[in-house]
Amino acid sequence: MTTATTADLCAELILHLGRLGQQAPGAARLTPAQWTALRFFARANRFSRTPSAFSSFHATTRGTASQTVKSLVSAGYLTRKPSETDGRSSLFELTEAGRDMLAADPLKTLSAALERMPEGERAALDQGLRDLLAQVALDRGAETFGTCGDCRFLDREAPGAGTRWVCSCTAAGLISDDFDKLCVNFAPATAEPDEAGTTPAR
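Bear in mind the structure is a predicted one, so any value in this text is a computation, not a measurement.

(A) Geometry of the side chain of arginine 49. With respect to the secondary-structure elements, arginine 49 resides in the loop between α2 (32-43) and α3 (51-58). A relative accessible area of 13% means that arginine 49 is categorised as buried. Among the polar contacts listed, one links the side chain of arginine 49 to the backbone oxygen of alanine 44, at a separation of 3.0 Å. Not counting residues up to four positions away in its chain, the partners in contact with arginine 49 are Phe41, Ala44, Ser90, Leu91, Phe92 and Glu93.

(B) Quick peek at unusual backbone geometry. Even without glycine at this site, alanine 59 takes up a positive phi of about 55 degrees. Following the sequence through the fold, alanine 59 ends up in the loop between α3 and α4 (62-74). The class of alanine 59 is exposed, set by a relative accessible area of 68%. Phi at alanine 171 takes a positive value of approximately 60 degrees, unusual for a residue other than glycine. When you line up the elements, alanine 171 lands in the loop between β4 (165-167) and β5 (172-173). Its relative accessible area of 70% is what places alanine 171 among the exposed residues.

(C) Layout of the nonpolar core. Counting 20 residues, the largest nonpolar core has Leu30, Leu38, Phe40, Phe41, Phe54, Leu72 and Leu78 as the members making the most contacts within it. The biggest single contributor to this core is α2, with five residues. Not counting the four nearest positions on each side in its chain, leucine 30 is found in contact with Trp35, Leu38, Leu72, Tyr77 and Met101. In this structure, Leu154, Cys167, Leu174 and Phe186 belong to the second largest nonpolar core, which totals 10 residues.

(D) Structural detail: the pattern of salt bridges. Applying the stated criterion to the full structure yields five salt bridges. Note that arginine 39 and aspartate 105 form a salt bridge whose closest N and O atoms lie 2.7 Å from each other. Taken as a pair, arginine 39 in helix α2 and aspartate 105 in the loop between α5 (96-102) and α6 (107-115) lie far apart in primary sequence, 66 residues in all. Residue classification places arginine 39 among the buried residues on the basis of a relative accessible area of 18%. When the shortest N-O distance is used, the salt bridge between glutamate 93 and arginine 49 registers 3.6 Å. With glutamate 93 in strand β2 (residues 90-94) and arginine 49 in the loop between α2 and α3, this residue pair connects regions lying 44 residues apart in the sequence. Judged by relative accessible area, which is 26%, glutamate 93 ranks as partly exposed. Among the charged side chains, a salt-bridge network with shared partners connects Arg49, Lys81 and Glu93.

(E) How the structure looks around the packing of aromatic side chains. Per the stated rule, a full pass over the model turns up seven aromatic pairs. For the pair phenylalanine 40 and phenylalanine 57, a centre-to-centre distance of 5.0 Å together with 35 degrees between the ring planes defines the contact as tilted. One end of the pair, phenylalanine 40, is in helix α2; the other, phenylalanine 57, is in helix α3, with 17 residues separating them in the sequence. Among the aromatic residues, ring-to-ring pairing joins Phe40, Phe41, Phe54, Phe57, Phe92 and Phe145 into one connected group.

(F) Expanded view of a nonpolar patch on the surface. A contiguous nonpolar patch, built from Ile14, Leu125, Leu129, Leu132 and Val136 and spanning about 380 Å² of accessible area, is present on the exposed surface. With four residues, the single largest contributor to the nonpolar patch is helix α7 (residues 119-140). Note on placement: leucine 129 falls in helix α7.

What counts, and where the lines are drawn
- Residues numbered from 1 in each chain as written.
- Predicted model: local features only at pLDDT ≥ 70, side-chain atom pairs only at ≥ 80, totals over all residues.
- Heavy atoms only, no water.
- Helix = DSSP H or I, 4+ residues; strand = E, 2+ residues; numbered from the N terminus.
- Buried < 20%, exposed > 50% of the residue type's maximum accessible area, 1.4 Å probe, protein only.
- Polar contact = N/O pair within 3.5 Å; in protein donor to acceptor, adjacent residues only side chain to side chain.
- Contact = heavy atoms within 4.5 Å.
- Core = buried A, V, L, I, M, F, W, Y, C linked by side-chain atoms within 4.5 Å.
- Salt bridge = Lys/Arg side-chain N within 4 Å of Asp/Glu carboxyl O.
- Phe/Tyr/Trp six-rings, centres within 6.5 Å; stacked < 30°, edge-to-face > 60°.
- Patch = residues over 30% accessible without salt bridge, like charges linked within 9 Å, V, L, I, M, F, W, Y side chains within 5 Å.
- Areas by Shrake-Rupley, 256 points an atom, 1.4 Å probe, with all protein chains shown as cover.

These figures come from the coordinates and say nothing about function on their own.
Have a look at this one:
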């Protein structure tokens, strides 16, 4: 007889929680993959709103990701726009209908339950899940997504007063809206505080 370890049980609980998070009134209107795509394009930065970036985030093939994106475009929840930096590619953004649909996201039930947790427990869970996700992604050779404030590509354009933050990967200046968005170019930063010992202002 094989006895499940604590790690086995935790893994099962995480998967079960994920399934429950998709089961709420209105969830049947979209598939789990479509819900994931809507959330991704709502949170992705201007460098990452592409089907290929979504395929990496969702750990699926580009063909499957493209079909999911096309279905959301056909339903009027996403719209295609030409890239301002690359005329050969397109970016996708939520339409008003897409934002309305996301307001009924079944994941909000899970978010509400998390809000009721003590703040310290919620913060510990947040960090634990981030560390776990990074480790599983590393073990499987999958992409790791994150935000500018935790990325090693975050850099200063020049030292001194009036400087701005830039992405050394894309060589693009960053605006305040970029810092909380998911990025396909993300790479975990080494723990090196800036001159003031703080994270960049948002």
